[in-house]
Amino acid sequence: MNQTRVNNVLNEMSQRGMDHLIISDPSSINYLIGYDNHPGERMYALVLSLDGNHTLFLNHLFYLDQQLDLNIIWYDDTEDGPAKIAEVLKDAHCVGVDKNWEARFLMRVMELANEECCFELGSICVDYVRMHKDEEEIELMRKASQLNDQAIDQVIQLCVKGTLTEKEVGQQLNGIFQSLGCSGNSFDPIVGYGPNGADGHHGCDDSKLKPGDSIVIDMGGIYQGYCSDMTRTVFYKEVSDKQREVYELVKKANEAAEAMIKPGVKLCDIDKTARDIISEAGYGPNFNHRLGHFIGRDVHEYGDVSAAFDMEVEPGMIFSIEPGIYIQGEFGVRIEDLVLVTEDGCEVLNHYSKDLMIIG
(Lines give C-alpha, C1' and ligand atoms only; values in the text may rest on other atoms or scores of the structure.)
Protein backbone atom coordinates (compact mmCIF):
# COMPACT_ATOMS: atom_id res chain seq x y z
CA MET A 1 0.00 0.00 0.00
CA ASN A 2 1.25 3.47 -0.88
CA GLN A 3 0.42 5.10 2.43
CA THR A 4 1.14 8.64 1.21
CA ARG A 5 -1.35 8.32 -1.63
CA VAL A 6 -3.93 6.65 0.63
CA ASN A 7 -3.52 9.40 3.23
CA ASN A 8 -4.04 12.04 0.55
CA VAL A 9 -7.29 10.35 -0.49
CA LEU A 10 -8.42 10.06 3.15
CA ASN A 11 -7.79 13.78 3.56
CA GLU A 12 -9.98 14.52 0.54
CA MET A 13 -12.70 12.26 1.97
CA SER A 14 -12.57 14.03 5.31
CA GLN A 15 -12.87 17.45 3.72
CA ARG A 16 -15.95 16.28 1.82
CA GLY A 17 -17.63 14.62 4.81
CA MET A 18 -17.25 11.03 3.63
CA ASP A 19 -16.28 8.36 6.16
CA HIS A 20 -16.00 5.54 3.60
CA LEU A 21 -15.12 5.41 -0.09
CA ILE A 22 -15.83 2.54 -2.51
CA ILE A 23 -13.20 2.43 -5.27
CA SER A 24 -13.83 0.06 -8.18
CA ASP A 25 -11.57 1.45 -10.92
CA PRO A 26 -8.72 -1.11 -11.26
CA SER A 27 -6.29 1.66 -12.25
CA SER A 28 -7.05 3.62 -9.07
CA ILE A 29 -6.81 0.53 -6.90
CA ASN A 30 -3.41 -0.27 -8.41
CA TYR A 31 -2.35 3.35 -7.83
CA LEU A 32 -3.20 3.10 -4.13
CA ILE A 33 -2.20 -0.42 -3.11
CA GLY A 34 0.11 -1.65 -5.89
CA TYR A 35 -2.08 -4.58 -6.93
CA ASP A 36 -3.00 -4.95 -10.61
CA ASN A 37 -6.20 -6.82 -11.41
CA HIS A 38 -8.59 -6.96 -14.36
CA PRO A 39 -11.87 -8.29 -12.94
CA GLY A 40 -14.05 -8.42 -16.04
CA GLU A 41 -17.70 -8.65 -14.99
CA ARG A 42 -17.00 -9.73 -11.41
CA MET A 43 -17.22 -7.38 -8.45
CA TYR A 44 -13.89 -5.89 -7.41
CA ALA A 45 -13.68 -3.06 -4.90
CA LEU A 46 -11.44 -1.35 -2.38
CA VAL A 47 -13.23 0.30 0.54
CA LEU A 48 -11.25 3.01 2.33
CA SER A 49 -12.34 4.11 5.81
CA LEU A 50 -11.35 7.17 7.80
CA ASP A 51 -10.68 4.88 10.76
CA GLY A 52 -7.91 3.16 8.78
CA ASN A 53 -9.72 -0.15 8.50
CA HIS A 54 -9.38 -0.57 4.72
CA THR A 55 -10.78 -3.63 2.91
CA LEU A 56 -10.24 -5.20 -0.51
CA PHE A 57 -13.02 -7.42 -1.91
CA LEU A 58 -11.80 -10.22 -4.19
CA ASN A 59 -13.47 -13.08 -6.03
CA HIS A 60 -11.76 -16.44 -5.45
CA LEU A 61 -11.10 -16.53 -9.19
CA PHE A 62 -8.50 -13.78 -8.79
CA TYR A 63 -4.86 -14.58 -8.11
CA LEU A 64 -3.09 -12.77 -5.29
CA ASP A 65 0.67 -13.39 -5.20
CA GLN A 66 1.68 -10.57 -2.87
CA GLN A 67 1.19 -9.48 0.72
CA LEU A 68 -1.19 -6.54 1.07
CA ASP A 69 -1.35 -4.45 4.23
CA LEU A 70 -5.14 -4.33 4.52
CA ASN A 71 -8.16 -6.53 5.14
CA ILE A 72 -9.11 -8.92 2.34
CA ILE A 73 -12.59 -10.38 2.04
CA TRP A 74 -12.97 -13.19 -0.47
CA TYR A 75 -16.20 -14.34 -2.09
CA ASP A 76 -17.13 -16.78 -4.85
CA ASP A 77 -19.58 -16.72 -7.72
CA THR A 78 -22.36 -18.26 -5.62
CA GLU A 79 -22.16 -15.62 -2.88
CA ASP A 80 -23.69 -12.17 -2.54
CA GLY A 81 -20.60 -9.99 -2.91
CA PRO A 82 -22.38 -6.64 -2.41
CA ALA A 83 -23.82 -7.96 0.87
CA LYS A 84 -20.28 -8.43 2.13
CA ILE A 85 -19.54 -4.78 1.33
CA ALA A 86 -22.77 -3.68 3.00
CA GLU A 87 -21.70 -5.51 6.17
CA VAL A 88 -18.44 -3.53 6.28
CA LEU A 89 -20.46 -0.33 5.81
CA LYS A 90 -23.04 -1.12 8.51
CA ASP A 91 -21.92 1.83 10.68
CA ALA A 92 -21.16 4.23 7.82
CA HIS A 93 -22.76 7.68 7.69
CA CYS A 94 -21.65 8.94 4.27
CA VAL A 95 -20.20 6.67 1.58
CA GLY A 96 -18.44 7.98 -1.51
CA VAL A 97 -18.87 5.81 -4.60
CA ASP A 98 -16.61 5.41 -7.63
CA LYS A 99 -18.11 6.86 -10.80
CA ASN A 100 -17.31 3.61 -12.63
CA TRP A 101 -19.03 1.18 -10.26
CA GLU A 102 -21.84 -0.77 -11.87
CA ALA A 103 -25.38 -0.06 -10.71
CA ARG A 104 -26.08 -3.79 -10.18
CA PHE A 105 -23.54 -3.76 -7.33
CA LEU A 106 -24.23 -0.28 -5.95
CA MET A 107 -28.00 -0.67 -5.77
CA ARG A 108 -27.69 -3.93 -3.83
CA VAL A 109 -25.34 -2.25 -1.31
CA MET A 110 -27.74 0.68 -0.95
CA GLU A 111 -30.64 -1.72 -0.42
CA LEU A 112 -28.81 -3.35 2.50
CA ALA A 113 -27.31 -0.19 4.02
CA ASN A 114 -28.58 1.40 7.23
CA GLU A 115 -31.32 3.96 6.70
CA GLU A 116 -29.24 6.90 7.92
CA CYS A 117 -26.38 6.27 5.47
CA CYS A 118 -26.07 8.53 2.45
CA PHE A 119 -24.26 7.75 -0.81
CA GLU A 120 -22.44 10.37 -2.88
CA LEU A 121 -20.29 10.43 -6.00
CA GLY A 122 -16.84 10.17 -4.44
CA SER A 123 -14.46 9.72 -7.36
CA ILE A 124 -13.07 13.23 -6.97
CA CYS A 125 -11.30 12.08 -3.78
CA VAL A 126 -9.05 9.81 -5.86
CA ASP A 127 -9.18 11.79 -9.10
CA TYR A 128 -7.86 14.97 -7.50
CA VAL A 129 -4.95 13.11 -5.90
CA ARG A 130 -4.12 11.36 -9.18
CA MET A 131 -4.04 14.75 -10.93
CA HIS A 132 -0.84 15.56 -9.03
CA LYS A 133 1.99 13.27 -10.08
CA ASP A 134 4.73 12.44 -7.58
CA GLU A 135 8.42 12.32 -8.56
CA GLU A 136 8.33 8.62 -9.45
CA GLU A 137 5.35 9.16 -11.73
CA ILE A 138 6.91 12.23 -13.34
CA GLU A 139 10.04 10.29 -14.26
CA LEU A 140 7.95 7.50 -15.77
CA MET A 141 5.93 10.02 -17.79
CA ARG A 142 9.12 11.68 -19.03
CA LYS A 143 10.47 8.32 -20.16
CA ALA A 144 7.17 7.29 -21.76
CA SER A 145 7.12 10.52 -23.78
CA GLN A 146 10.76 10.11 -24.77
CA LEU A 147 9.99 6.65 -26.14
CA ASN A 148 6.95 8.02 -27.96
CA ASP A 149 9.20 10.56 -29.67
CA GLN A 150 11.34 7.67 -30.90
CA ALA A 151 8.33 5.64 -31.95
CA ILE A 152 6.71 8.39 -34.01
CA ASP A 153 9.93 8.87 -35.94
CA GLN A 154 9.76 5.20 -36.94
CA VAL A 155 6.11 5.61 -37.94
CA ILE A 156 6.89 8.60 -40.11
CA GLN A 157 9.67 6.61 -41.80
CA LEU A 158 7.08 3.94 -42.61
CA CYS A 159 4.90 6.60 -44.21
CA VAL A 160 7.83 7.87 -46.27
CA LYS A 161 7.60 4.69 -48.37
CA GLY A 162 4.15 5.79 -49.56
CA THR A 163 3.08 2.17 -50.10
CA LEU A 164 1.46 1.29 -46.78
CA THR A 165 -2.21 1.77 -45.96
CA GLU A 166 -3.29 3.50 -42.75
CA LYS A 167 -4.18 0.11 -41.30
CA GLU A 168 -0.79 -1.39 -42.19
CA VAL A 169 1.02 1.49 -40.50
CA GLY A 170 -1.18 1.27 -37.41
CA GLN A 171 -0.69 -2.49 -37.14
CA GLN A 172 3.06 -2.06 -36.79
CA LEU A 173 2.84 0.34 -33.87
CA ASN A 174 2.41 -2.23 -31.11
CA GLY A 175 5.60 -3.97 -32.20
CA ILE A 176 7.47 -0.66 -32.41
CA PHE A 177 6.53 0.21 -28.83
CA GLN A 178 7.46 -3.23 -27.56
CA SER A 179 10.86 -2.99 -29.25
CA LEU A 180 11.46 0.24 -27.30
CA GLY A 181 10.61 -1.31 -23.93
CA CYS A 182 6.91 -0.44 -23.71
CA SER A 183 4.17 -2.99 -23.09
CA GLY A 184 2.21 -1.79 -26.13
CA ASN A 185 -0.18 0.94 -27.23
CA SER A 186 -1.89 3.18 -24.69
CA PHE A 187 -4.83 3.55 -27.12
CA ASP A 188 -5.77 2.54 -30.64
CA PRO A 189 -3.56 4.70 -32.87
CA ILE A 190 -4.95 7.17 -35.37
CA VAL A 191 -3.33 7.35 -38.80
CA GLY A 192 -5.37 9.58 -41.08
CA TYR A 193 -4.41 10.26 -44.71
CA GLY A 194 -5.79 13.30 -46.53
CA PRO A 195 -9.56 13.72 -45.94
CA ASN A 196 -9.46 11.05 -43.21
CA GLY A 197 -7.36 13.43 -41.12
CA ALA A 198 -10.43 15.66 -40.80
CA ASP A 199 -12.03 12.95 -38.62
CA GLY A 200 -10.57 13.58 -35.17
CA HIS A 201 -11.04 9.94 -34.07
CA HIS A 202 -10.58 8.24 -37.43
CA GLY A 203 -10.13 4.47 -37.33
CA CYS A 204 -7.28 3.26 -39.54
CA ASP A 205 -8.62 1.87 -42.83
CA ASP A 206 -7.27 0.71 -46.20
CA SER A 207 -6.66 4.22 -47.58
CA LYS A 208 -3.37 4.75 -49.40
CA LEU A 209 -1.30 7.89 -49.66
CA LYS A 210 -1.58 10.35 -52.51
CA PRO A 211 0.72 13.32 -53.19
CA GLY A 212 -0.53 16.34 -51.25
CA ASP A 213 -2.12 14.30 -48.46
CA SER A 214 -1.70 15.41 -44.88
CA ILE A 215 -0.95 12.56 -42.48
CA VAL A 216 -2.31 12.92 -38.95
CA ILE A 217 -0.56 10.51 -36.56
CA ASP A 218 -1.94 10.29 -33.00
CA MET A 219 -0.23 7.60 -30.92
CA GLY A 220 0.99 6.58 -27.50
CA GLY A 221 2.59 3.70 -25.64
CA ILE A 222 2.54 2.32 -22.10
CA TYR A 223 5.82 2.38 -20.17
CA GLN A 224 5.80 0.68 -16.75
CA GLY A 225 2.09 1.39 -16.40
CA TYR A 226 2.13 5.01 -17.59
CA CYS A 227 0.74 6.31 -20.87
CA SER A 228 2.20 8.62 -23.48
CA ASP A 229 0.20 10.49 -26.11
CA MET A 230 1.25 12.81 -28.92
CA THR A 231 0.16 13.89 -32.39
CA ARG A 232 2.15 15.13 -35.34
CA THR A 233 0.91 16.03 -38.81
CA VAL A 234 3.19 15.69 -41.84
CA PHE A 235 2.60 16.05 -45.58
CA TYR A 236 3.29 13.58 -48.37
CA LYS A 237 5.44 14.87 -51.24
CA GLU A 238 3.89 18.37 -51.37
CA VAL A 239 1.93 20.90 -49.36
CA SER A 240 -0.57 23.50 -50.61
CA ASP A 241 -0.67 27.11 -49.48
CA LYS A 242 -3.89 26.41 -47.58
CA GLN A 243 -2.38 23.41 -45.82
CA ARG A 244 0.69 25.44 -44.90
CA GLU A 245 -1.48 28.26 -43.52
CA VAL A 246 -3.53 25.87 -41.41
CA TYR A 247 -0.48 24.02 -40.15
CA GLU A 248 1.30 27.17 -39.02
CA LEU A 249 -1.89 28.37 -37.35
CA VAL A 250 -2.27 25.15 -35.35
CA LYS A 251 1.41 25.27 -34.40
CA LYS A 252 1.01 28.87 -33.24
CA ALA A 253 -1.99 27.91 -31.08
CA ASN A 254 -0.10 24.95 -29.61
CA GLU A 255 2.96 27.00 -28.69
CA ALA A 256 0.97 29.98 -27.37
CA ALA A 257 -0.99 27.73 -25.01
CA GLU A 258 2.16 26.01 -23.76
CA ALA A 259 3.91 29.35 -23.22
CA MET A 260 1.26 30.56 -20.76
CA ILE A 261 1.13 27.46 -18.56
CA LYS A 262 2.24 28.04 -14.97
CA PRO A 263 0.73 27.56 -11.51
CA GLY A 264 -2.35 29.72 -10.98
CA VAL A 265 -3.40 29.88 -14.63
CA LYS A 266 -6.86 28.42 -15.23
CA LEU A 267 -7.36 25.45 -17.52
CA CYS A 268 -10.20 27.26 -19.29
CA ASP A 269 -7.93 30.21 -20.05
CA ILE A 270 -5.32 27.93 -21.61
CA ASP A 271 -8.02 26.55 -23.89
CA LYS A 272 -9.21 30.08 -24.71
CA THR A 273 -5.74 31.22 -25.73
CA ALA A 274 -5.40 28.50 -28.36
CA ARG A 275 -9.04 28.71 -29.44
CA ASP A 276 -8.93 32.49 -29.91
CA ILE A 277 -5.94 32.21 -32.26
CA ILE A 278 -7.74 29.69 -34.42
CA SER A 279 -11.09 31.52 -34.28
CA GLU A 280 -9.61 34.89 -35.20
CA ALA A 281 -8.21 33.29 -38.36
CA GLY A 282 -11.70 32.10 -39.31
CA TYR A 283 -11.33 28.44 -38.42
CA GLY A 284 -13.17 28.41 -35.08
CA PRO A 285 -15.87 25.90 -36.17
CA ASN A 286 -13.13 23.59 -37.44
CA PHE A 287 -11.57 23.25 -33.96
CA ASN A 288 -14.26 20.96 -32.59
CA HIS A 289 -12.85 19.47 -29.38
CA ARG A 290 -11.30 20.47 -26.05
CA LEU A 291 -7.69 21.59 -26.07
CA GLY A 292 -6.48 18.77 -23.86
CA HIS A 293 -6.98 16.07 -21.25
CA PHE A 294 -5.13 14.83 -18.19
CA ILE A 295 -3.09 11.66 -18.48
CA GLY A 296 -1.08 9.20 -16.40
CA ARG A 297 -1.94 5.58 -15.65
CA ASP A 298 -4.89 6.04 -17.99
CA VAL A 299 -4.60 7.89 -21.27
CA HIS A 300 -7.66 9.97 -20.30
CA GLU A 301 -7.80 10.85 -16.61
CA TYR A 302 -9.97 13.28 -14.69
CA GLY A 303 -9.54 16.88 -15.83
CA ASP A 304 -9.99 18.78 -19.10
CA VAL A 305 -8.23 21.72 -20.68
CA SER A 306 -11.52 23.22 -21.79
CA ALA A 307 -13.98 26.04 -21.23
CA ALA A 308 -15.78 23.76 -18.75
CA PHE A 309 -12.83 23.58 -16.31
CA ASP A 310 -11.93 26.73 -14.38
CA MET A 311 -9.53 24.91 -12.04
CA GLU A 312 -6.14 26.56 -11.60
CA VAL A 313 -3.22 24.41 -12.65
CA GLU A 314 -0.79 23.24 -9.98
CA PRO A 315 2.71 21.72 -10.00
CA GLY A 316 2.73 18.02 -10.83
CA MET A 317 -0.23 18.11 -13.20
CA ILE A 318 0.34 16.52 -16.62
CA PHE A 319 -2.04 17.10 -19.52
CA SER A 320 -2.12 17.36 -23.29
CA ILE A 321 -2.15 20.47 -25.46
CA GLU A 322 -3.62 19.45 -28.82
CA PRO A 323 -5.25 22.13 -30.97
CA GLY A 324 -6.51 21.02 -34.36
CA ILE A 325 -8.24 22.23 -37.48
CA TYR A 326 -10.36 19.75 -39.46
CA ILE A 327 -11.71 20.62 -42.91
CA GLN A 328 -14.12 17.92 -44.00
CA GLY A 329 -13.43 16.41 -47.39
CA GLU A 330 -9.96 17.99 -47.54
CA PHE A 331 -7.52 17.43 -44.68
CA GLY A 332 -6.86 17.82 -40.97
CA VAL A 333 -4.01 19.12 -38.81
CA ARG A 334 -3.44 18.38 -35.13
CA ILE A 335 -0.30 19.00 -33.08
CA GLU A 336 -0.20 17.50 -29.58
CA ASP A 337 2.31 17.51 -26.75
CA LEU A 338 2.13 16.48 -23.12
CA VAL A 339 3.12 19.14 -20.59
CA LEU A 340 4.14 18.93 -16.94
CA VAL A 341 3.30 21.91 -14.72
CA THR A 342 6.39 22.97 -12.76
CA GLU A 343 6.84 25.44 -9.90
CA ASP A 344 7.25 28.39 -12.28
CA GLY A 345 6.03 27.27 -15.69
CA CYS A 346 5.78 24.03 -17.59
CA GLU A 347 7.99 21.35 -19.11
CA VAL A 348 6.99 20.08 -22.55
CA LEU A 349 7.54 16.32 -22.43
CA ASN A 350 7.61 15.77 -26.19
CA HIS A 351 10.60 16.94 -28.18
CA TYR A 352 9.87 15.64 -31.66
CA SER A 353 9.99 18.53 -34.13
CA LYS A 354 6.88 20.56 -34.78
CA ASP A 355 8.30 22.27 -37.86
CA LEU A 356 6.29 21.63 -41.02
CA MET A 357 7.58 18.41 -42.57
CA ILE A 358 7.18 17.15 -46.15
CA ILE A 359 8.06 13.48 -46.56
CA GLY A 360 8.38 11.07 -49.48
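Since this is a predicted model, take the numbers as computed values, not measurements.

Attention shifts here to the side chain of His 54. Among the structural elements, His 54 can be located in the loop between strand S2 (45-49) and strand S3 (55-59). Excluding anything up to four places from it in sequence, His 54 contacts Met 1, Val 6, Leu 10, Val 47, Leu 48, Ser 49, Leu 70 and Asn 71.

Read across the open sheet, the six strands follow the order S4-S3-S2-S1-S5-S6; overall the sheet is mixed. A single partner strand is all that each edge strand has here, and the edge strands are strand S4 (71-75) and strand S6 (118-121). Strand-to-strand twist across the sheet, computed as the mean angle between neighbouring axes with direction ignored, equals 20 degrees. Relative to S2, strand S1 (residues 20-23) runs antiparallel, the two being bridged by four bridges. Along S2, the bridge assignment pairs Ile 23 with Leu 46. Sheet contacts for helix H3 (residues 81-88): S1, S2, S3 and S4; angle to S4, the most-contacted strand, approximately 150 degrees.

Moving on, we come to helix H6 (residues 135-160). The first and last C-alpha atoms of H6 sit 38 Å apart over 26 residues, in line with the 38 Å expected at 1.5 Å per residue. Residue Asp 134 occupies the N-cap position of H6, its side-chain oxygen lying 3.3 Å from the main-chain nitrogen of Glu 136.

Considering all chains together, one arrives at six aromatic pairs under this definition. Ring centres 6.4 Å apart and planes at 70 degrees place the aromatic pair Tyr 35 and Tyr 44 in the edge-to-face group. Taken individually, Tyr 35 and Tyr 44 each receive the classification buried, so the pair is uniform in this respect. On the numbers, 6.0 Å between centres and 75 degrees between planes, the contact of Tyr 44 with Phe 62 is edge-to-face. In this pair, Tyr 44 is assigned in the loop between helix H2 (26-33) and S2 and Phe 62 in the loop between S3 and S4, connecting sequence segments 18 residues apart. In textbook terms, an aromatic cluster arises when at least three aromatic residues are bridged by ring pairs, as seen for Tyr 35, Tyr 44 and Phe 62. The residue whose ring lies beneath Arg 130 is Tyr 31, and the NZ or CZ to ring-centre distance is 5.9 Å. The ring of Phe 287 has Arg 275 lying over it, and the distance from NZ or CZ to the ring centre is 4.0 Å.

Tracing the sequence through the fold places Glu 312 in the loop between strand S14 (301-305) and strand S15 (318-321). Here the alpha-carbon distance between Glu 312 and Lys 266, two residues 46 residues apart in the chain, equals 4.1 Å. With near-sequence residues (within four places) excluded, Glu 312 lies in contact with Gly 264, Val 265, Lys 266 and Met 317.

Our focus in this paragraph is the sheet that holds strand S8 (residues 190-193). If you trace the four strands from one edge of the open sheet to the other, you get S8-S9-S12-S20, paired in mixed fashion. Whereas interior strands pair on both sides, the edge strands pair on one side only; in this sheet they are S8 and strand S20 (358-359). Sheet analysis places strand S12 (residues 230-236) next to S20, joined by two bridges and oriented parallel. Looking at S20, one finds that Tyr 236 is bridged to Ile 359.

Once that is clear, we can look at the environment of Asn 288. Tracing the sequence through the fold places Asn 288 in the loop between helix H10 (267-280) and strand S13 (292-294). For the pair Asn 288 and Pro 323, spaced 35 residues apart in sequence, the C-alpha separation works out to 9.2 Å.

Quick look at the pairing of S14 now. If a strand is regular, its side chains alternate between the two faces of the sheet. Extensive coverage of S14 is indicated by the burial of four of its five residues. Strand direction decides the pairing type here: S13 and S14, joined by three bridges, are antiparallel. The partner of His 293 across the bridge, within S14, is Asp 304. A loop of six residues connects S13 with S14, the two strands running antiparallel in sequence.

Here we come to the pairing of S12. Within S12, seven of the seven residues are buried, which leaves it mostly tucked inside the rest of the structure. Taking every second residue as pointing to the same face, both faces of S12 are buried, with Met 230, Arg 232, Val 234 and Tyr 236 on one and Thr 231, Thr 233 and Phe 235 on the other. Of the pairings in the sheet, the one linking strand S9 (residues 214-219) to S12 comprises six bridges and is antiparallel in character. Bridge pairing links Met 219 to Met 230 in S12.

Judged by nonpolar contacts, the single largest core of 63 residues is most densely connected at Val 9, Leu 32, Leu 46, Leu 48, Leu 56 and Ile 215. Among the elements that line this core, the one with the most residues is H6, at eleven residues. Those residues in contact with Val 9 that sit more than four places away from it in its chain are Leu 21, Leu 32, Leu 48, Cys 125, Val 126 and Val 129. Counting residues in hydrophobic clusters, the runner-up holds 35 residues, among them Ile 270, Leu 291, Val 313 and Val 341.

Here is what the cut-offs are and how they apply
- Residues numbered from 1 in each chain as written.
- Predicted model: local features only at pLDDT ≥ 70, side-chain atom pairs only at ≥ 80, totals over all residues.
- Heavy atoms only, no water.
- Helix = DSSP H or I, 4+ residues; strand = E, 2+ residues; numbered from the N terminus.
- Contact = heavy atoms within 4.5 Å.
- Pairing = 2+ DSSP bridges.
- Axes fitted to C-alpha atoms, helices over the stretch in contact; angles between N-to-C directions.
- Expected span 1.5 Å × (residues − 1).
- Polar contact = N/O pair within 3.5 Å; in protein donor to acceptor, adjacent residues only side chain to side chain.
- Phe/Tyr/Trp six-rings, centres within 6.5 Å; stacked < 30°, edge-to-face > 60°.
- Buried < 20%, exposed > 50% of the residue type's maximum accessible area, 1.4 Å probe, protein only.
- Lys NZ or Arg CZ within 6 Å of the ring centre and 35° of its normal.
- Core = buried A, V, L, I, M, F, W, Y, C linked by side-chain atoms within 4.5 Å.

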